[in-house]
Amino acid sequence: MGEKKRILTGDRTTGKLHLGHYVGSLSQRVALQDEYDTFILLADVQALTTHFEKPELINSSIYDVAMDNLSVGLDPNKVTIFQQSQIKAIAELTVFYSMFVSVNVLRHNPTIKTEAANYGYSDMTYGFLGYPVSQSADITFCNADLVPVGEDQLPHMELTRKIVRRFNDLYGETLKEPTAKLSSCSRLMGLDGNAKMGKSLGNAIYLADDAKTVLDKVKQAVTDKNRINLKDPGNPEICMVQKYHKVFNEAEHGNICDMCRSASIGCVACKKNLAEKLNNMLDPFRERRAYYENHTSEVKEIIMAGSEKANKIGEETVRRVKDAMHVSID
């Protein structure tokens, strides 16, 4: 049996992770951890591109994001969890790659444009504009074969592939060209009907939320506004609760939609059902998280061990890169 292919994935350390993260990436990480050599990045440097004025949040989030990954069932003996800012190779490769990536290419990146608009940036910082170059360093320092991404991240992946090809054309075959592994899961919408569930939008259910908080949040979810009375037939197609049932309660989804259309179930009962299903799923996550919250030194050790492993791999990559660029001292 040959070596496992390596996956590089990760999360920005800007707060606790939510159901959108679980549906979009965390659940897949758990499913793939036996099949692939999985590297999970705690992206604290990238977090600084939008949260440089909130260092305390980024610091605490390093632990929160690590615990969220561990709580969903990722095994620290199978995956490598590491801290971005502790990996020297990422910083070095970012500098080298930036020498042959034009500002125009970065400015015209559609994801950069969208995110700049979302954050209200009229004047982007050097770090924000160039973070796709840093992402390329994240991916290539550890020789990743595959990078799980959503469609919105495909432009970043294409830039990484272009950087690798450009480097290899200039300096000889040195870097591995990664492949995007497109997520099969659609983006989870926010409870308020917003197209995206987000930390800053106040429309998220967090993996660390307790049962009462989950119920309270589900109660506030947007339903069919035209359904005023219990006996009024509903339209599940425009109801956020229906969309969550489809993702988290597939077995009952069809029946719930039928009952909604025939006014056989009210919104209160439908929401209570959903909250129960979500809490049943989250209960084992909460149990594992509680363990790590009581053993933060163990979380620190996991991050430090992963960072040490990542640094060793990165040092070898940088050595090859410097040799290829003739910047090593003989």
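Right, let's walk through the structure included here. (Residues numbered from 1 in each chain as written. Predicted model: local features only at pLDDT ≥ 70, side-chain atom pairs only at ≥ 80, totals over all residues. Heavy atoms only, no water.)

Here we take up the overall build of the protein. Across its full length, the protein carries 14 helices and five strands. Computed over the C-alpha atoms, the radius of gyration of the protein is 22 Å, within 12% of the 20 Å expected from 2.2 N^0.38 for a compact globule of 330 residues. Expressed as lengths along the three principal axes of its C-alpha atoms, the size of the protein is roughly 80 × 45 × 45 Å. Counting every position in the protein, which comprises 330 residues, the buried fraction comes to 49%. A fraction of 76% describes how many contacts in the protein between residues 6 or more apart in sequence connect residues 24 or more apart. Accessible surface, the protein: about 16800 Å² in total, of which carbon and sulfur atoms supply 51%. A distance of 4 Å separates the average location of the 41 positive side-chain charges in the protein from that of its 43 negative side-chain charges. (Helix = DSSP H or I, 4+ residues; strand = E, 2+ residues; numbered from the N terminus. Rg over C-alpha atoms; globule rule 2.2 N^0.38 Å. Buried < 20%, exposed > 50% of the residue type's maximum accessible area, 1.4 Å probe, protein only. Contact = heavy atoms within 4.5 Å. Areas by Shrake-Rupley, 256 points an atom, 1.4 Å probe, with all protein chains shown as cover. Lys, Arg positive; Asp, Glu negative; His and termini not counted. Charge placed at Lys NZ, Arg CZ, Asp CG, Glu CD.)

Below, the discussion takes up the pattern of salt bridges. Any two side chains of opposite charge can pair, given that their charged atoms come close. In total, this model carries 21 salt bridges according to the counting rule given. When the shortest N-O distance is used, the salt bridge between E293 and R289 registers 2.9 Å. Here E293 pairs with R289, and both are found in helix 13 (residues 267-293), just four residues apart, close to one helical turn. Residue class for R289 comes out buried when judged on its relative accessible area of 4%. Here D323 and R319 are joined by a salt bridge, their closest N and O atoms 2.9 Å apart. Placement of both D323 and R319 in helix 14 (residues 296-325) is noted, with a separation of four residues, approximately one turn of the helix. In this structure, a network of salt bridges that share partners links the residues D64, D68, R289 and E293. (Salt bridge = Lys/Arg side-chain N within 4 Å of Asp/Glu carboxyl O.)

On to unusual backbone geometry. Of note in the backbone geometry, A263 takes a positive phi value of approximately 60° without being a glycine. By the secondary structure assignment, A263 is in the loop between helix 12 (250-261) and helix 13. Residue H326 is not a glycine yet carries a positive backbone phi of 60°. Take H326: it is sitting in the segment after helix 14.

Turning our eyes to something else, we now look at the state of the cysteines. Scanning the entire structure with this criterion turns up zero disulfides. C257 carries a free sulfur, and the closest cysteine sulfur to it, the one in C260, is 7.1 Å from it. (Disulfide = S-S within 2.5 Å.)

Another aspect to go through is the packing of helix 11 (residues 240-248) against helix 12. Where helix 11 meets helix 12, the axes come as close as 6 Å, and the angle between the chain directions of the two elements is 145°. Both helix 11 and helix 12 take part in a crossing whose hand is left-handed. Contacts from Q242, H245, K246 and F248 in helix 11 reach E250, H253, I256 and C257 in helix 12. Here the residues of the contact of helix 11 with helix 12 are counted per class, giving three nonpolar, three polar and two charged. (Axes fitted to C-alpha atoms, helices over the stretch in contact; angles between N-to-C directions. Left-handed = near helix turned anticlockwise from the far one by under 90°. Nonpolar A, V, L, I, M, F, W, Y, C, P; charged D, E, K, R; others polar.)

Moving on, we get to empty space enclosed by the protein. Evaluated as defined, the whole model comprises one cavity of 30 Å³ or more. As a volume, the largest cavity reaches approximately 120 Å³. Around the largest cavity, the lining is made up of 15 residues, and of these R227, C239, C260, C267 and C270 lie nearest the centre. Taken together, the elements giving at least two residues each to the lining of the largest cavity come down to helix 11, helix 12 and helix 13. (1 Å grid on protein atoms, 1.4 Å probe; cavity = no way out; pocket = protein on both sides within 12 Å on 5 of 7 lines; lining within 4 Å. Points joined across faces, edges and corners; volume = space filled by probe spheres on them.)

So, on to the nonpolar core. A general feature of soluble globular proteins is that nonpolar side chains tend to end up buried together. If you look at the biggest cluster of nonpolar residues, it comprises 43 residues, and the most contacted ones within it are L19, L207, Y244 and L278. Elements supplying a minimum of two residues to this core: helix 1 (19-32), strand 2 (37-43), helix 3 (55-71), strand 3 (79-83), helix 10 (211-219), helix 11, helix 13 and helix 14. At seven residues, the largest contribution of residues to this core is made by helix 13. Beyond its immediate chain neighbours, meaning those up to four positions away, L207 contacts L17, H18, L19, Y22, L26, D68, V72, L282, F285 and R286. In terms of nonpolar packing, the next biggest core, distinct from the first, is built from 39 residues, L8, A89, I90 and L159 among them. (Core = buried A, V, L, I, M, F, W, Y, C linked by side-chain atoms within 4.5 Å.)

An α-helical turn contains 3.6 residues, so any two residues separated by three or four positions project in the same direction. All of the buried residues along helix 6 (residues 110-119) are T111, I112 and A116. Seen end-on, helix 6 carries its buried residues on one side only, within an arc spanning 130°. Set apart from the buried face of helix 6 by more than 90 degrees, the exposed residues are A117 and N118. Residues of helix 6 that are buried make contact with helix 5 (103-107), helix 7 (126-129), helix 8 (131-141) and helix 9 (154-171). Put simply, N109 is the residue that caps the front of helix 6, since its side-chain oxygen is 2.9 Å from the backbone nitrogen of T111. With its phi angle positive at about 75°, G120 sits one or two positions after the end of helix 6. (Arc of directions from axis to C-beta. Polar contact = N/O pair within 3.5 Å; in protein donor to acceptor, adjacent residues only side chain to side chain.)

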